Amino acid sequence: MHGRGEYAARRAEVIALIPDLRLEVAEHARNGEHTFIRWIMHATGTAGPFQMSGIDRIRMRDGRVAENVIRFDRAELEEHLTEGA
């Protein structure tokens, strides 16, 4: 994704797919212009409530987000959202 519009549209898609999604910050660290956040997702899938974790690496420039790299196990998420479907 590039730009504010694409980022906002993708976030809206995720919320529409997982309306009760809640992210908990488990750990965070800063190294120069980068901030790292390990998060735990709490949500409900087709088989009920689940948790999974991921990591964001955010690069700041002039007080603004210049880059946000998000890592998580997409296959695990899809499994939670399609079990029994």
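Above this text you will find the structure in question.
Residues numbered from 1 in each chain as written. Predicted model: local features only at pLDDT ≥ 70, side-chain atom pairs only at ≥ 80, totals over all residues. Heavy atoms only, no water.

Draft legend 1. Summary view of the environment of Thr-35. For Thr-35, the location among the structural elements is in strand β2 (residues 34-45). What makes Thr-35 buried here is its relative accessible area of 15%. When the C-alpha positions of Thr-35 and Asp-56 are compared, they lie 8.0 Å apart, and in sequence the two are 21 residues distant. Setting aside chain neighbours within four positions, we find Thr-35 in contact with Ala-29, Arg-30, Asp-56, Arg-57 and Ile-58. Separated by 3.4 Å, the side chains of Thr-35 and Arg-30 make a polar contact. (Helix = DSSP H or I, 4+ residues; strand = E, 2+ residues; numbered from the N terminus. Buried < 20%, exposed > 50% of the residue type's maximum accessible area, 1.4 Å probe, protein only. Contact = heavy atoms within 4.5 Å. Polar contact = N/O pair within 3.5 Å; in protein donor to acceptor, adjacent residues only side chain to side chain.)

Draft legend 2. Molecular detail of the packing of aromatic side chains. In total, this model carries one aromatic pair according to the counting rule given. Ring centres of Trp-39 and Phe-72 lie 6.3 Å apart, and the angle between their planes is 55 degrees; on these two criteria the pair is classed as tilted. On the criterion of sequence distance, the pair formed by Trp-39 in strand β2 and Phe-72 in strand β4 (residues 64-72) is long-range, its members being 33 residues apart. Residue classification places Phe-72 among the partly exposed positions, given a relative accessible area of 35%. The ring of Tyr-7 carries the charged tip of Arg-11 above its face, separated from the ring centre by 5.0 Å. (Phe/Tyr/Trp six-rings, centres within 6.5 Å; stacked < 30°, edge-to-face > 60°. Lys NZ or Arg CZ within 6 Å of the ring centre and 35° of its normal.)

Draft legend 3. Just the environment of Ile-58, in detail. Tracing the backbone shows Ile-58 in strand β3 (residues 48-61). Among the residues examined, Ile-58 registers a relative accessible area of 15% and is labelled buried. The residues touching Ile-58, leaving out its near neighbours within four places in the chain, are Glu-33, His-34, Thr-35, Ile-37, Val-65, Glu-67 and Asn-68.

Draft legend 4. Geometry of the pairing of β3. Bridging between β2 and β3 involves 12 bridges; their strand directions are antiparallel. The residue of β3 that forms the bridge with Trp-39 is Gly-54. Connecting the antiparallel pair β2 and β3 is a turn made up of two residues. Pairing between β3 and β4: eight bridges, direction antiparallel. Note that in β4 the partner of Met-60 across the bridge is Val-65. (Pairing = 2+ DSSP bridges.)

Draft legend 5. Examining the pattern of salt bridges more closely. Counted according to the given criterion, the structure contains five salt bridges. Residue Glu-27 is joined to Arg-38 by a salt bridge in which the shortest nitrogen-to-oxygen separation is 2.9 Å. One end of the pair, Glu-27, is in strand β1 (residues 22-31); the other, Arg-38, is in strand β2, and 11 residues separate them in sequence. Taking the relative accessible area as the measure of exposure, Glu-27 reaches 46% and is therefore partly exposed. Residue class for Arg-38 comes out partly exposed when judged on its relative accessible area of 30%. Across the salt bridge formed by Arg-57 and Glu-67, the nearest N and O atoms sit 2.7 Å from each other. Of this pair, Arg-57 sits in strand β3 while Glu-67 sits in strand β4, and the two are 10 residues apart along the sequence. Relative accessible area serves as the criterion here: at 28%, Glu-67 is assigned to the partly exposed category. Put simply, Arg-57, Arg-59 and Glu-67 are held in one network by salt bridges that share partners. (Salt bridge = Lys/Arg side-chain N within 4 Å of Asp/Glu carboxyl O.)

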